[in-house]
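Structural features, examined
Chain by chain, the residues:
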Amino acid sequence: MPITAVTPDIFQVQIPLPFALRIVNCYLLRGDDGWTVIDTGLNTSKARAAWQEAFTKLGIRPRKIAQIVLTHIHPDHYGLAGWLAEWCVADGGESPPIRLSAREAWLAVHFWGREVWQQPAYLAFWQQCAVPADLAQAIMETTEQTRQRTYPHPAAHHIIEPGTPIRLGARLMQPLLMPGHSDGQLVFYDAADRLLLCGDHVLQTITPNISLWPDGEANPLGRYLDSLDELARLDVRLALPGHGPVMADGELHGRITEITHHHQERLAQTEAALPQPSTVYEVSQRLFNHANLSVHEMRFAATETLAHLDYLVRHGRARWHEEAVWWFEGN
Ligand SMILES: [Zn+2]
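Rules and cut-offs
Residues numbered from 1 in each chain as written. Predicted model: local features only at pLDDT ≥ 70, side-chain atom pairs only at ≥ 80, totals over all residues. Pairing = 2+ DSSP bridges. Helix = DSSP H or I, 4+ residues; strand = E, 2+ residues; numbered from the N terminus. Buried ≥ 20, exposed ≤ 12 C-beta atoms within 10 Å, placed from the backbone. Axes fitted to C-alpha atoms, helices over the stretch in contact; angles between N-to-C directions. Parallel < 35°, antiparallel > 145°, perpendicular 65-115°, else oblique. Contact = placed C-beta atoms within 7 Å. Nonpolar A, V, L, I, M, F, W, Y, C, P; charged D, E, K, R; others polar.

**A look at the sheet that holds strand β10 (residues 186-190)**
Here we have six strands laid out as an open sheet, ordered β8-β9-β10-β11-β12-β13, and mixed in their pairing. Every other strand in the sheet has two partners, leaving β8 (166-168) and β13 (247-248) as the edge strands with one partner each. Across three bridges, β10 lies against strand β11 (residues 195-199) in antiparallel orientation. Within the sheet, the bridge partner assigned to Phe 188 lies in β11 and is Leu 197.

Spelled out as structure tokens, the structure:
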């Protein structure tokens, strides 16, 4: 499994994932008091083996994990946090604090803490989106399988306050709240070195998924576009993302512009996909080629379509009729 020194004190560790995304980039930051782990992977045997290999290659003992920091609690970032903490303790270390934003800590307990079947809002949600019953069932089953791969859960969550500098390895970094991809996603900025740990906020080769979820905060696409604008104001020479290649020099800013344009185009396509009153599922069928999508991807197609519809409604470009099954019409 590739381990790359992106700077003398930061190593990128690529952890394999059992879905199309293939890899999550995690990071190890060297500090005087031990190592900071940024993001963790999903709990699979291949992912655990990749961490063991990385620690062996770098000559690090698991007991030297000083803290585990999560940009957000999507399962590919959150899933191995509890296991890494237990691994550290089994090696004779102190249980390392697991740190994340308050909003992500709430989501971790609220969503990953209970079986998806115990979360009635989600069952109702797929019906409101007019997702066919067999597909909704498959989505719930896949989500529950993924949820199982987030165990063991951390014993406690320690809250990072955006704006209060935090020491990560040898660096003092500024945590910045960047909602949209996840409500409480944090990125970490080292102004002195113009280095950014950007989580899944900006990715080079794919567009970060922006979805509206039953438990999510309102207006995810609007929040995302606003936080992209905020990020564009930072001076960044090296951005370290959660997936895909690192972005050097102007690449982050170029990518921010591309992603912003992508959403403007997508909004126009969504508007054009309302020739008659339509459900979320019908619109998603017009925007995505469902024949090519896995169950996991169909779920994102529906929630991403809804995020774009929601944005259009907020800007007077469509209307949302919240009946038992939601339907939308263009203006
Ligand atoms: Zn994510």
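Having put the structure on the table, let's press on.
**Remarks on helix α3 (residues 81-90)**
Burial in α3 covers these residues: Ala 81, Trp 83, Leu 84, Ala 85 and Cys 88. Phi turns positive, to about 95 degrees, at Gly 92, one or two residues after α3.

**Quick look at the sheet that holds strand β1 (residues 3-7)**
Ordered by their spatial adjacency, seven strands build an open sheet running β1-β2-β3-β4-β5-β6-β7, and the pairing between neighbours is mixed. A single partner strand is all that each edge strand has here, and the edge strands are β1 and β7 (158-159). Summarising the sheet, strand β3 (residues 23-31) and strand β4 (residues 34-38) pair through five bridges and their orientation is antiparallel. Paired with Gly 31 across the bridge in β4 is Gly 34.

**Section: the packing of helix α6 (residues 133-148) against helix α10 (residues 295-314)**
Remark: α6 packs on α10, axes separated minimally by 9 Å, with the N-to-C direction vectors making an angle of 110 degrees. Between α6 and α10, the crossing angle belongs to the class labelled roughly perpendicular. From α6, Leu 135, Ala 138, Ile 139 and Thr 142 reach across to α10, where they touch Val 295, His 296, Met 298 and Arg 299. Here the contact of α6 with α10 is composed, by residue class, of five nonpolar, two polar and one charged.

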